[in-house]
Amino acid sequence: MQKWIIKEENQQAKAKASLDYWNELDIEADSSTYASLERVNLRTGYNKEHLTNIASYQKFARVAAVIVPLFLFAGGMFYYLSPHNEMIEISVAYGEQKRLILPDSSEVWLNAGSSILYPETFAKDKRLVMLDGEAYFSVKKDTVSPFIVETSQLSVKVLGTRFNVKAYPNYEKITTTLTSGKVEVSVRSQPPHILKPDEQLTYDKKSSDIHISVIDTNDTNCWMAGKLVFTNASAGEIFRTLERHYNTTIDNTAIIPASKRYTIKFLKDESLNEILNILKDIIGFDYQQYEKKIVLTRQ
């Protein structure tokens with residue numbers, strides 16, 4: 001569907017199909033809907049004045065609550081697309097990791113359950129990629145063309161450096177951790193923040209709060225070596241990480257309070273059963289395993 005959206009042909013048909021779809025929906029928009037809509041408009045070069053032929057801008061935004069997630073990546077495609085510049089999307093399945101080389105020779109390590117979108121050839125004035133999930137970047141220095149990583153709610157701008165971005169859609173927080181160099185992290189409606197090496201910026205999606213702390217970046221980047229390190233993490237965050245890392249499903253019926261936080265490290269090559277047996281003593285739960293599904297229960 002994304003290929004149909006970004007092609008120049010059938011513009012009238014696409015406009016009519018979109019409008020017919022909008023008119024059939026009855027979905028309320030919230031503040032995040034309007035913000036997401038603005039992001040799509042910005043990426044596509046769209047202007048609100050183009051909406052004069054639609055009954056109301058509010059109705060358009062109401063429906064955007066459904067279509068914006070689909071168009072977020074497509075919007076990025078519009079920005080870069082030319083007849084000779086295709087978009088490339090790389091996805092990593094649960095239980096896997098992947099290393100790739102970008103068109104500018106920068107390196108990216110994608111964690112499990114992540115995807116990245118970038119053009120076959122970068123623009124002259126910027127190198128823009130879009131990330132959903134977690135990745136570690138080693139960026140080739142180019143003072144003329146800054147490297148920009150966009151996630152759902154923040155962007156990271158660099159000239160040449162090494163850094164980690166974690167922006168999974170089902171996580172409450174987005175983190176950017178700098179290993180070397182310097183990055184500029186921008187969040188909507190807030191001034192940009194400059195990070196120094198060994199600093200981590202944490203953005204809370206619900207409260208929009210930003211916190212910058214000094215950390216051991218070896219712990220942040222250890223997932224590339226197959227290790228699992230959790231620092232002040234909730235049980236839910238731990239279980240979601242295990243799901244991606246071991247390609248399994250964890251049914252958390254134990255109802256573990258999200259307010260409780262845990263700091264724990266697991267070595268490379270530890271099995272899922274070994275990790276669960278440790279966690280059951282620390283967190284307090286029992287579990288049963290059914291092929292690729294783990295069911296947690298109260299002790």
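Counting starts from 1 at the beginning of each chain's written sequence and moves along it residue by residue. Where totals are concerned, whole chains, interfaces and linings use all residues; where local detail is concerned, this predicted model gives features only for residues with pLDDT of at least 70, and gives and counts side-chain atom pairs only at 80 or more. Calculation of side-chain values draws on the structure's entire complement of heavy atoms; hydrogens and water are dropped beforehand.

1. Regarding the packing of helix H6 (residues 235-246) against helix H7 (residues 272-284)
For step 1, the next point in the chain: For helices, the fitted axis covers only the stretch in contact; all axes are lines through C-alpha atoms, and the angles between them, taken along N-to-C directions, range from 0 to 180 degrees. Comment: elements are numbered from the N terminus, with helices defined as DSSP H or I runs of at least four residues and strands as E runs of at least two. In contact at an axis separation of 12 Å, H6 and H7 are set at 175 degrees when each is read in the N-to-C sense. Accordingly, the angle class assigned to the pair H6 and H7 is roughly antiparallel. Across the interface between the two elements, Ala 235, Ile 238, Phe 239, Leu 242 and Tyr 246 from H6 touch Leu 272, Ile 275, Leu 276, Leu 279 and Ile 283 from H7.
For step 2, the next point in the chain: Note on residue classes: Ala, Val, Leu, Ile, Met, Phe, Trp, Tyr, Cys and Pro are nonpolar, Asp, Glu, Lys and Arg are charged, and everything else, Gly too, is polar. Here the contact of H6 with H7 is built from residues that sort into 10 nonpolar, no polar and no charged. Under this scheme an angle from 65 to 115 degrees is roughly perpendicular, one under 35 degrees roughly parallel, and one over 145 degrees roughly antiparallel; angles in between are oblique. What makes two residues a contact is simply this: any of their non-hydrogen atoms within 4.5 Å.

2. Quick notes on the environment of Glu 270
For step 1, the next point in the chain: Examined against the element boundaries, Glu 270 turns out to sit in the loop between strand S16 (262-266) and H7.
For step 2, the next point in the chain: Whether a residue is buried, partly exposed or exposed follows from its accessible area with a 1.4 Å probe, protein chains only, as a fraction of its type maximum: under 20%, in between, or over 50%, in that order. Residue classification places Glu 270 among the buried positions, given a relative accessible area of 18%.
For step 3, the next point in the chain: Beyond its immediate sequence surroundings of up to four residues, Glu 270 is in contact with Tyr 246, Ile 275 and Ile 278.
For step 4, the next point in the chain: Polar contacts, as counted here, are pairs of nitrogen or oxygen atoms within 3.5 Å of one another; within protein the pair requires one atom able to donate a hydrogen and one able to accept it, and residues that are adjacent in sequence qualify only if both atoms are side-chain atoms. Within the structure, Glu 270 has its side chain in polar contact with the backbone nitrogen of Leu 267 (distance 2.6 Å).

3. Considering the sheet that holds strand S18 (residues 293-297)
For step 1, the next point in the chain: When DSSP finds at least two bridges between two strands, those strands are taken to pair. Judged by pairing direction, the sheet is mixed, and its three strands sit side by side in the order S15-S18-S17 without closing on themselves. Of all strands in the sheet, those bounded by a partner on one side alone are strand S15 (249-252) and strand S17 (286-290). This sheet shows a mean twist of 20 degrees between the axes of neighbouring strands, independent of strand direction.
For step 2, the next point in the chain: Examined bridge by bridge, S15 and S18 share four bridges and lie parallel to one another. From the neighbouring strand, Ile 250 faces S18, where its bridge partner is Ile 294.
For step 3, the next point in the chain: The strands touched by H6 within the sheet are S15 and S18, with S15 carrying the most contacts at an inclination of about 155 degrees.
For step 4, the next point in the chain: Relative to the sheet, H7 contacts S17 and S18, its axis offset from that of S17 by approximately 160 degrees.

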